[in-house]
Amino acid sequence: MPPFTAPQIAAAPHDVRWPPTLEVPTLGPPAGGTSAQRPLLQIPENAGKTISTADSQRNHFVEGRGDETISPEIASQIARWNRELAARSTPLLAGIANTNAGLAEQLAQLGRSAVGLKQRLAAAEQKLIEIQSDYQSVSGKLSEYGLTPTIGLLLRHRKEQLDSWQTQDNENHFARAELQRTQQEALELDLMPVGEGQLQQQADQMLAQSTAAGGPKETPLLRQQVIDLLSQQTQLVTELKSGYRIYHHDLDRLDSTASATSATTAEFRKLINRHATWIRSGDPIRIRDFADAKSGMAALLEFRHTRQLGRDLQEKLSDDQISGILLLVFIGVLFAVRWRLKSWLVAIGSRAKMRTAGKTRVVAAGVLTLGVAAVVPLQFYAVAWWLNQGIVSELILQVAGGFFAASLIALLVELPRQLLRPFGLVDKHLTQKFTTRAEAFKDWSIAGLMLVPGAFAITMLGQIDHGIWRDSLGRFGFLMMMLVVAGLAHFALRPGKGFLCPAIEAFGGRLATGFGHLWYAIALGFPILMGILSALGYGYTAGELIKRATWSAIMVMTAGVVWKIGQLGFQQVWRNLTQPKVEPRYDEYGLIEEPESDEEVNETHVVLKHQIGFLGQCVAGVALISCLVALWVDVVPNVNLANPVLWTVQDTVTSYAENTQGQSVAQSVVQASPITLLNVVWAAAILFAAIHVSRLLPNLFDALVLQRVDYDEGMEHLILVLGRGVLFATGCFVACRLIGVRWATIQWLMVGITIGIGFGLQDIVRNVLGGLVVLFARPVNVGDRVTVGRLTGRIASQTLRTTILADDEGRELQIPNRKFLSDEVTNWRGAGKLTTVAIEISVRREERPIDIGRMLGEWAAAERYVLQSPGPQVTLVCIAKKTQRYELHVWTEDRHDARQLQLALLETIRSNLRERNLLAKTQPTQPAIRYADVEPIADTSRPKRRSA
């Protein structure tokens, strides 16, 4: 085959095919001075398969196939050819050849990386398929056969397999690191000035620069050589860009596959942990285990574990140094936060001024106690979480498990320790005292120094134990720690002599003290029972039970502190909402501190307070019980037996499907919904809550809303009736849905009720309709003196069905509301009995109208001879630039001197306003006294009932 010349190579710049023998012209004059041509390098024949066109690669990338792979060997041959060419060429061509050699070497490296990536991707996809298949298989067997011994062994094997896979599953981190590295390389390629249409201009520019720098003069042969090398460079860059796109696409697939594998593994691990609690994790303890302990101790003390842990940590830090630095910073910040919180806690308890700051200090001390107790466990947990993320090994996972156990035990120890610390919550802020607090704090501190490192060491030993010394070190350490816990429980809860018995008596009362022997038996027997389970080979079962028992104790202690904080905080909020605003008073020494009064003088507020307290206790109790049930429900095998299906409800639902023409077609499908015992319990709880909340609404609405707005009695009653009806109806609807009661089930019952209403309940319907007319039309109001038929009295209250009249002899008469529609009703509005006294007052605009109205009403109600029912009524008449005018109406009996009452009331109100610097300089003229037998009382809205 004749050699290719440079013009022939330049004729096909878009597809560089390397011939078997390529004669490249000499790049400089030979030694003899002639311009003969000689071949520089022989290129293999298969080099023509090295670089395909950019369009072909781009099509493969767009279609997502990526079938063609880059041959690293041929790319390396191109790199060697360019290196040898650079060694024999002028500086201009040597620079381009060296650049091409670098690109070819980068192409070879990319090819080798792509081959390794495809292997990783295939392995990751195969692992995902296997995990999903195993998960579905195990789930089906558990649902069909339950937890049998054979399935228990299968779960144990799958758990060990998942643990081993976690140490090998670092594909996410590999994909992230490779993406960061290759993105930088791809960005550098984008900055290179290459392009098929720019070869001529680029060659001219480079030749001009070389000639200006003293290089060889431009010749047609040299120009063609530069263009050929630039064309090769363009092809290499195009190939690299296409390769990087395919490589990044495969990295995204690998990351998605690894994420799906992690999610499926987490669900699989949750399923295994839920059912593997009672599976034997080892053999019962034997005499040979004592002999194996020596070998296990020798293996544990080998330095290879330390060296391996150091290498694993170094690899983990090199993969992500930022997370390690952030972990150290986070731990340091937590140390500073703990020191600051503990300083505040001690300061609140040690300084007398802060101890007299009211109940706010108790709330602050409780919050600080929980904060200080959570810092050290949070530090252990942060270290364990960091070790469990990213690149992990078997040894790193074992260390992470130890830190997890240490964090949980540290939280269990720190909570009571911080509660009992000097100048802490129990010592200085609660009324209960017990003499052994200092001893209890000291003993808990010593117990923490033993239990926290012990939990870390035993957890690691239990995970490291394998081979000939399986269950030797970890189990023996666990048995020793259980004996320590049992001894601590003995000294803490021994009836009559334990250092925590005074605390139970002080805070638990007689009920908790009466069960002292029971608490002692539980605290002493639980660790002994866990040791027996571990000795029988149920080490995993004992660990799970201890974990749940620890969380239960933590939740109970935390709930006790939070309940105390919430109780005090609720009392303070309740006091701010219900008690009248007290104006600050000053003397020559400053602010006069008003004594706090815990006594409720308002009957409505007392009843409402008890109702809210009862509901709060119910909610807190249900929440705690729900958390404990959710924590322990996985331990009970076949828990579905405790929640049997009582009946099944058939529901007709509408589903949409596409037909052959692509149109959505609605179909009615009958769906069976099982109603279990838990549904009935939830329905009863919701109905119970709806009933009590509907009872609570009137008093709550009166205390929080009606005391601050100006509604008439009819509107108030309408809002209360509608609110209670909506709440009760909502509760009934939700409860009926839970137990499967549908409208199709009760529609015939509603038809029967409607017929019964039409025939037998006509009077009730008329009374209700009459009540609605009375509420909306308001012909009479509470406090009016009316005559209905032959009955005369003052309206005491109104309901939706009846109206209560109080006659002159003190009797209460119930009148159906339909009487207000059918009989004659005379509204005397206090005629012959009461006298209306009105005054007008002008006040400065510094205070809100609602506060002024409240103060005027309180001062008027305190005046002698002023009736409390109907109570004083304050009306805002007008507002000027600097003042606002109010009209105050009070009622008194006709036997009292109304003029004297008006003057006394006016003097009292002006004096009080003058003391507060609220009285305006100009006062309006006072209205005349309106006697019932002189002129009728104007039709003003009835005075509102307000709680004193």
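This is a predicted model, so every value here is computed, not measured.

J.: Run through the nonpolar core, naming residues and quoting values.
T.: Counting 44 residues, the largest nonpolar core has Leu420, Leu425, Trp444, Phe478, Leu500 and Met530 as its most contacted members. Mapped onto this core, the elements with two or more residues apiece are helix H11 (321-350), helix H13 (360-387), helix H14 (394-419), helix H15 (425-429), helix H16 (437-464), helix H17 (473-493), helix H19 (516-535) and helix H20 (539-578). At eight residues, the largest contribution of residues to this core is made by H16. Grouped together as the second largest cluster of nonpolar side chains are 22 residues, Met855, Trp859, Leu888 and Leu919 included.

J.: Mind laying out a nonpolar patch on the surface, listing which residues take part and the relevant values?
T.: The grouping of Leu646, Trp647, Leu677, Leu678, Val681 and Trp682 at the surface amounts to a nonpolar patch, some 570 Å² of accessible area in total. When residues of the nonpolar patch are traced back to their parent elements, those giving at least two are strand E3 (645-658) and helix H22 (677-706). Relative to the helices and strands, Leu646 resides in strand E3.

J.: I'd like a description of the packing of helix H7 (residues 199-212) against helix H8 (residues 220-275), backed by residues and values.
T.: Between two packed helices, the angle of one axis relative to the other and the distance separating the axes together describe the packing. Contact geometry for H7 and H8: axes closest at 9 Å, N-to-C directions at 125°. With respect to each other, H7 and H8 are oriented oblique. Where H7 crosses over H8, the two elements pack in a sense that is right-handed. Contacts between H7 and H8 involve Leu199, Gln200, Gln202, Ala203, Asp204, Met206 and Leu207 from the former and Leu222, Arg223, Val226, Ile227, Leu230, Ser231 and Thr234 from the latter. The residue inventory of the contact of H7 with H8, partitioned by class, reads eight nonpolar, four polar and two charged.

J.: Describe the confidence of the model for the chain, listing the residues and the values that go with them.
T.: Per-residue pLDDT for the chain averages 75, and the proportion of residues at 70 or more is 75%. Scored below 50 in pLDDT, residues 1-69 shows 106 contacts in the model against residues more than four places distant or in partner chains. Segment residues 931-948: pLDDT under 50, and 41 contacts once partners within four positions in sequence are set aside and those in other chains are kept.

J.: Would you mind going over the side chain of Ser842 in detail, with residue names and values included?
T.: Mapped onto the fold, Ser842 is located in strand E10 (residues 834-844). Using a relative accessible area of 7% as the deciding quantity, one classes Ser842 as buried. Residues in contact with Ser842, not counting those within four places in the same chain, are Thr883, Gln884, Arg885, Leu919, Ala920, Thr922, Gln923 and Pro924.

J.: Summarise the environment of Leu772; cite the residues concerned and give the values.
T.: Mapped onto the elements of the fold, Leu772 is located in helix H25 (residues 762-777). Assessed through its relative accessible area of 32%, Leu772 is described here as partly exposed.

J.: Can you tell me about the sheet that holds strand E8 (residues 812-816), naming the residues and giving the values?
T.: Taking strand neighbours across the sheet as the criterion, the five strands line up as E8-E7-E6-E5-E9 in an open arrangement whose pairing is antiparallel. Since the sheet does not close on itself, it has two edges, and those belong to E8 and strand E9 (825-827), each with one partner. Between one strand axis and the next, the sheet turns by 40° as a mean value, whatever way the strands run. Two elements, strand E5 (residues 785-788) and strand E6 (residues 791-798), share four bridges in a ladder whose sense is antiparallel. Across the sheet, residue Thr787 finds its bridge partner in E6, namely Thr792.

J.: I'd like a description of H17, backed by residues and values.
T.: Look at H17: 30 Å from first C-alpha to last across 21 residues, which is about the 30 Å you get at 1.5 Å a residue. Turning to H17, its buried residues number three or more, namely Leu473, Gly474, Arg475, Phe476, Gly477, Phe478, Met481, Met482, Ala486, Ala489, Ala492 and Leu493.

J.: Which residues make up the pattern of salt bridges, and what are the values?
T.: Scanning all chains against the criterion turns up 15 salt bridges. Residues Glu414 and Arg338 are paired through a salt bridge, measuring 3.3 Å at the closest nitrogen-oxygen approach. With Glu414 in helix H14 and Arg338 in helix H11, this residue pair connects regions lying 76 residues apart in the sequence. Accessibility classification places Glu414 together with Arg338 in one group, the buried group. The partner of Arg885 in a salt bridge is Glu840, with the nearest N and O atoms 3.8 Å apart. On the criterion of sequence distance, the pair formed by Arg885 in strand E12 (residues 883-893) and Glu840 in strand E10 is long-range, its members being 45 residues apart. Each member of the salt-bridge network shares a partner with another, and the members are Lys118, Glu125, Asp250 and Arg253.

J.: Requested: an account of the environment of Leu222, with residues and values cited.
T.: Mapped onto the elements, Leu222 comes out in helix H8. Judged by its relative accessible area of 7%, Leu222 falls in the buried class. Through-space distance from the C-alpha of Leu222 to that of Leu93 is 8.7 Å; in sequence the pair is 129 residues apart.

J.: How would you explain the packing of aromatic side chains if you had to name every residue and give the values?
T.: Throughout the structure, instances matching the rule amount to five aromatic pairs. Grouping aromatic residues by their ring pairs yields a cluster made of Phe380, Phe403 and Phe456. Geometry around Trp386 places Lys316 over its ring, the cationic atom sitting 5.2 Å from the centre.

J.: Can you lay out unusual backbone geometry for me, pointing to particular residues and giving the numbers?
T.: Excluding glycine, most residues fall at negative phi; most peptide bonds, likewise, are trans. Its identity as a non-glycine residue notwithstanding, Phe423 has a phi of 60°, on the positive side. Here Phe423 lies in the loop between H14 and H15. By relative accessible area, which is 34% here, Phe423 ends up partly exposed. Although it is not a glycine, Tyr865 adopts a positive phi angle of roughly 70°. Mapped onto the secondary structure, Tyr865 falls in the loop between helix H27 (849-862) and strand E11 (873-879).

Criteria and cut-off values
Residues numbered from 1 in each chain as written. Predicted model: local features only at pLDDT ≥ 70, side-chain atom pairs only at ≥ 80, totals over all residues. Heavy atoms only, no water. Core = buried A, V, L, I, M, F, W, Y, C linked by side-chain atoms within 4.5 Å. Buried < 20%, exposed > 50% of the residue type's maximum accessible area, 1.4 Å probe, protein only. Helix = DSSP H or I, 4+ residues; strand = E, 2+ residues; numbered from the N terminus. Patch = residues over 30% accessible without salt bridge, like charges linked within 9 Å, V, L, I, M, F, W, Y side chains within 5 Å. Areas by Shrake-Rupley, 256 points an atom, 1.4 Å probe, with all protein chains shown as cover. Salt bridge = Lys/Arg side-chain N within 4 Å of Asp/Glu carboxyl O. Axes fitted to C-alpha atoms, helices over the stretch in contact; angles between N-to-C directions. Parallel < 35°, antiparallel > 145°, perpendicular 65-115°, else oblique. Left-handed = near helix turned anticlockwise from the far one by under 90°. Contact = heavy atoms within 4.5 Å. Nonpolar A, V, L, I, M, F, W, Y, C, P; charged D, E, K, R; others polar. pLDDT = per-residue confidence, 0-100. Pairing = 2+ DSSP bridges. Expected span 1.5 Å × (residues − 1). Phe/Tyr/Trp six-rings, centres within 6.5 Å; stacked < 30°, edge-to-face > 60°. Lys NZ or Arg CZ within 6 Å of the ring centre and 35° of its normal.

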